[in-house]
Amino acid sequence: MSGQLSRFCLAGALLGMTLGLSTVVSARGEVGQAAAEIRRTSFGVPHIRAQDERGLGYGIGYAYAQDNLCLLANEIVTVNGQRSRYFGPEQMTVEQRENRASDLFFTWLNTPQAVSGFWQAQTPQVQQLVEGYAAGYNRALAERKAKGLPEQCASEWVRPITALDLVKLTRRLLVEGGVGQFAEALAGAQPPKATAQAAVSTSGFAVAATHQQRFALERGSNALAIGSELSFNGRGMLLANPHFPWSGGMRFYQMHLTIPGKLDVMGAALPGLPMINIGFSQHLAWTHTVDTSKHFTLYRLQLDPKDPTHYLLDGKSVPMSQQTVTVDARQADGQVKPVSRVVYGSQFGPIVQWPGKLDWDNRFAYSLRDANLENDRVLAQWYAMNRAVTLKDLQDSVHKVQGIPWVNTLAVDDQGQTLYMNLSVVPNVDAGKLARCSDPRAGQKLIVLDGSRSECDWGIDADAVQKGTFAAGKLPQLLRRDYVQNSNDSAWQVNPAQPLSGYSPVISQQDQPLGLRSRFALDRLTQLAKRGPVTADDLRRMVMDDQVYLADQVMPDLLAFCSADLGPDALPLTEVCARLKRWSRTANLDSGVGFVHFQQIMQALQPVPDLWRVAFDPKDPQHTPRGLAVERPAVAVALRQAMRASMERVNAAGLPADSQWRDVQVASNGGRQIPIPGGPGELGIYNAIQSVPGANGKREVVSGTSYLQVVTFDGNGPKAEGLLAFSLSSDPSSPYAVDQTQAFSKRQLSALPFTEQQIKTDPHYQAVTIREDEPVSRVVTH
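Keep in mind that this is a model prediction, so the values were computed, not measured.

Parameters and conventions
- Residues numbered from 1 in each chain as written.
- Predicted model: local features only at pLDDT ≥ 70, side-chain atom pairs only at ≥ 80, totals over all residues.
- Heavy atoms only, no water.
- Helix = DSSP H or I, 4+ residues; strand = E, 2+ residues; numbered from the N terminus.
- Rg over C-alpha atoms; globule rule 2.2 N^0.38 Å.
- Buried < 20%, exposed > 50% of the residue type's maximum accessible area, 1.4 Å probe, protein only.
- Contact = heavy atoms within 4.5 Å.
- Areas by Shrake-Rupley, 256 points an atom, 1.4 Å probe, with all protein chains shown as cover.
- Disulfide = S-S within 2.5 Å.
- Salt bridge = Lys/Arg side-chain N within 4 Å of Asp/Glu carboxyl O.
- Axes fitted to C-alpha atoms, helices over the stretch in contact; angles between N-to-C directions.
- Parallel < 35°, antiparallel > 145°, perpendicular 65-115°, else oblique.
- Nonpolar A, V, L, I, M, F, W, Y, C, P; charged D, E, K, R; others polar.
- Pairing = 2+ DSSP bridges.
- Phe/Tyr/Trp six-rings, centres within 6.5 Å; stacked < 30°, edge-to-face > 60°.
- Lys NZ or Arg CZ within 6 Å of the ring centre and 35° of its normal.
- Left-handed = near helix turned anticlockwise from the far one by under 90°.

Scanning the protein from N- to C-terminus turns up 23 helices and 31 strands. Against the compact-globule benchmark of 28 Å for 782 residues, the protein has a radius of gyration of 26 Å, which places it among compact chains. Projected onto the principal axes, the alpha-carbon positions of the protein cover approximately 80 × 75 × 55 Å. Split into buried and exposed, the 782 residues of the protein put 60% on the buried side. When contacts within the protein are restricted to residue pairs at least 6 apart in sequence, long-range pairs at least 24 apart make up 69% of them. Total accessible area computed for the protein in this model is approximately 29,800 Å², and 50% of it derives from carbon and sulfur atoms.

Following this line, the structure appears as structure tokens:
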């Protein structure tokens, strides 16, 4: 937190806030009881209407708890650092992080001072939304307890929540793009030769490294905004295709929020957030993609030779700060005992220690500074976007608030304008400072600055909303009437007709290979532009065609290799070749086992030097690199080995030659297995789906296409269709647990009711009105 917030006086006031929040809620309720109308349409999508923010939050929390009570309760335990207490320190979180490391991290992150400071920084409207959400959740919890809690969370750890619990959830979201990826490294850091305080499993670092590498994949996205020059009717069009986890605290929820005369917005939100993150309103539609900007930097500290808990800054020895973090851990005998460790820090942030990568020895240690730790504007930012009436309103709000944490924003309006903004919270490290203060040998994947010189601290810009970050005017943005697009690449090729270049590498890098999803999008857009105006069906097909773009780049070479002399491996290689030849080059459910072979072969070939026939050319980033150089001996040897290994793996998995992708990739829910189309985004599959090996040769979906939205406009407002790929409810017994997943399996998008007429004429319409301290009133159904 900033110095101002960290010095916030908490004596008495914090205790009163934490313990007496329900009293504050009740007091506000006496002035005006919260009330909301919740209308549900097909797939259970809630349309929540209230007269004020508190009522709206009340309705959101109530509806969310009806659908995802156990999910939110579990996340509340996590962000309060209480998993070791209830589940044991060596069990795992949903993200496969050891509970001990998770608890130490969140106890460090969500200190009473930090949480209180964040809460005090919120506007009255945001506070009312959050308080209402907590009260609505608690009402639904009480009602469900009376009937019996769901089996998966019928336990003592399910409790009423407070607004401060939701603040902790929000702070967890903020650091997902930064220090949140280093939880194990923070929890495990200790001085050299120090006795273990609370050992963190070293195996956890392997899992953490995998998650860090896959962050942009598991929380990636595609976005495409079409303007008047390409649109079928001259108005804006938006494809929103975020790729987010299918479980846990990053699982989207679909809803429609209305305060008459003030707010009318529909879309999807993350757990615990009483506002829309990705959505549309009467004149606008917008979405986000994970950006490539850096949201944290590491600092290499030069240690005092006399004491490894002191570091040298401008030639002076400075003691590290020491924060004792204590968590309660259930022991093998069932007793709960406190476990403490010290988290060390410098003026640049906490010390992180990653064996073999960021070692803490007698010479050096590493600090991590995360810009989003001081971002207390994120909720106000999204609420301002929800209320924007024009594209300029939306753009101005981002310039003014600058609370977007780690994503790009792409938007359209009904006048045919498209907008791209890479306006997130980015450390102010310009190219000159980077050259002076970073070690070029470290590369630019992780920015490591010199922590022995104060001149290497982040720069100060008077125009920046947050100290130490870039001002909005220094960050990439583009307003056009043809299109803007992004699939987790830098800002450089958002539209090749107007490259965005010349920025600090901390913001955006140019002359780097594009991801294959971006290349696919640019290629498809070129084809569509030649054919004629772009339609909503065109945008839908970009995802639902399940084209494997990489196959177009390499299959001719693979098949040429297959047609040559295969040598002593002819028998197994011939069968692999036959399956590749029969494969449709898509990730559809009816794609043959050749698709499985293709994935395994290309994954094995990635580390091979000089793999590509045509190397990357920064002058032609849309079409390079391409082609497999199978005529090169090293490539041929690696390809032969990859094909043999793939055949062995397929046989070991028990997949017969006539297997289809529907037999392999599934989503399991309550004993049901639903086949899921799509595949790895790194293969250039726009419908990016990440799955992991499961039982009986199957792969279980863990992340990927989540909330899918196609929005167009006419003279009456938005016309939207979409779905929530994993369905609305995470409760297996809910009628809304698998219905949209089944629709996704069949590649069926549905119209999203937005107007009053569309809502009330929906065949599955039902409505209830809820008021604080009153039973449910007025139930209406068709």
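Resuming the write-up.
A complete count under the given rule lists 3 disulfides for this structure. Put simply, Cys70 and Cys153 are joined by a disulfide, and their sulfur atoms are 2.0 Å apart. Here the S-S torsion is close to -60°, and the disulfide linking Cys70 with Cys153 is therefore left-handed. Separated by 83 residues along the polypeptide, Cys70 in helix α4 (residues 53-79) and Cys153 in the loop between α8 (124-147) and α9 (163-174) bring together distant segments of the chain.

Another point: the pattern of salt bridges. What the rule picks out here adds up to 31 salt bridges. Arg541 is the partner of Asp545 in a salt bridge, and the nearest nitrogen-oxygen pair spans 3.6 Å. Judged by its relative accessible area of 41%, Arg541 falls in the partly exposed class. The structure contains a network of salt bridges with shared partners spanning Glu37, Arg39, Arg49, Glu756 and Lys760.

On to unusual backbone geometry. Here Thr624 and Pro625 are connected by a cis peptide whose omega angle stands at 0°. Its location among the elements puts Pro625 in the loop between β21 (612-614) and β22 (626-628). A positive phi is found at Gln96, a non-glycine position, where the angle reads about 65°. Mapped onto the elements of the fold, Gln96 is located in the loop between α5 (83-87) and α6 (99-109).

Remark: helix α18 (residues 549-563) packs on helix α21 (residues 633-652), axes separated minimally by 12 Å, with the N-to-C direction vectors making an angle of 85°. The angle between α18 and α21 falls in the class roughly perpendicular. Touching Leu558, Phe561 and Cys562 of α18 are Ala636, Leu639, Arg640 and Met643, all from α21. Of the residues that constitute the contact of α18 with α21, the class distribution is 6 nonpolar, no polar and 1 charged.

What follows deals with the pairing of strand β5 (residues 253-259). Most of β5 is tucked away, with 7 of its 7 residues classed as buried. With burial as the criterion, each face of β5 is covered, one bearing Tyr253, Met255, Leu257 and Ile259 and the other bearing Gln254, His256 and Thr258. Strand direction decides the pairing type here: strand β2 (residues 46-49) and β5, joined by 3 bridges, are parallel. The partner of His47 across the bridge, within β5, is His256. One ladder, built from 7 bridges, connects β5 with strand β6 (residues 263-269); its direction is antiparallel. Across the sheet, residue Tyr253 finds its bridge partner in β6, namely Ala269.

The description of two aromatic rings rests on the distance between their centres and on the angle between their planes. The full count for this structure, using the stated rule, is 19 aromatic pairs. Ring geometry for Trp246 versus Phe726: centroids 5.7 Å apart, planes at 70°, classification edge-to-face. One end of the pair, Trp246, is in the loop between β4 (237-245) and β5; the other, Phe726, is in the loop between β28 (717-724) and α22 (739-745), with 480 residues separating them in the sequence. You'll find Trp246 and Phe726 in the same group, each marked buried. Each member of the aromatic cluster is reached from another via a ring pair, and the members are Trp583, Phe595, Phe598 and Trp661. The ring centre of Trp354 lies 4.4 Å from the NZ or CZ of Lys357, which sits over that ring.

The next thing to look at is the packing of helix α13 (residues 378-387) against helix α14 (residues 391-401). Each pair of packed helices can be described by the angle between their axes along with the distance between the axes. Where α13 contacts α14, the axes come no closer than 9 Å and their chain directions differ by 165°. In this view, α13 runs roughly antiparallel relative to α14, as classed from their interaxial angle. Considering only the axes of α13 and α14, their crossing is right-handed. When α13 is examined against α14, the residues Gln381, Ala384 and Met385 are found in contact with a partner set consisting of Leu394, Ser397, Val398 and Val401. Of the residues that constitute the contact of α13 with α14, the class distribution is 5 nonpolar, 2 polar and no charged.

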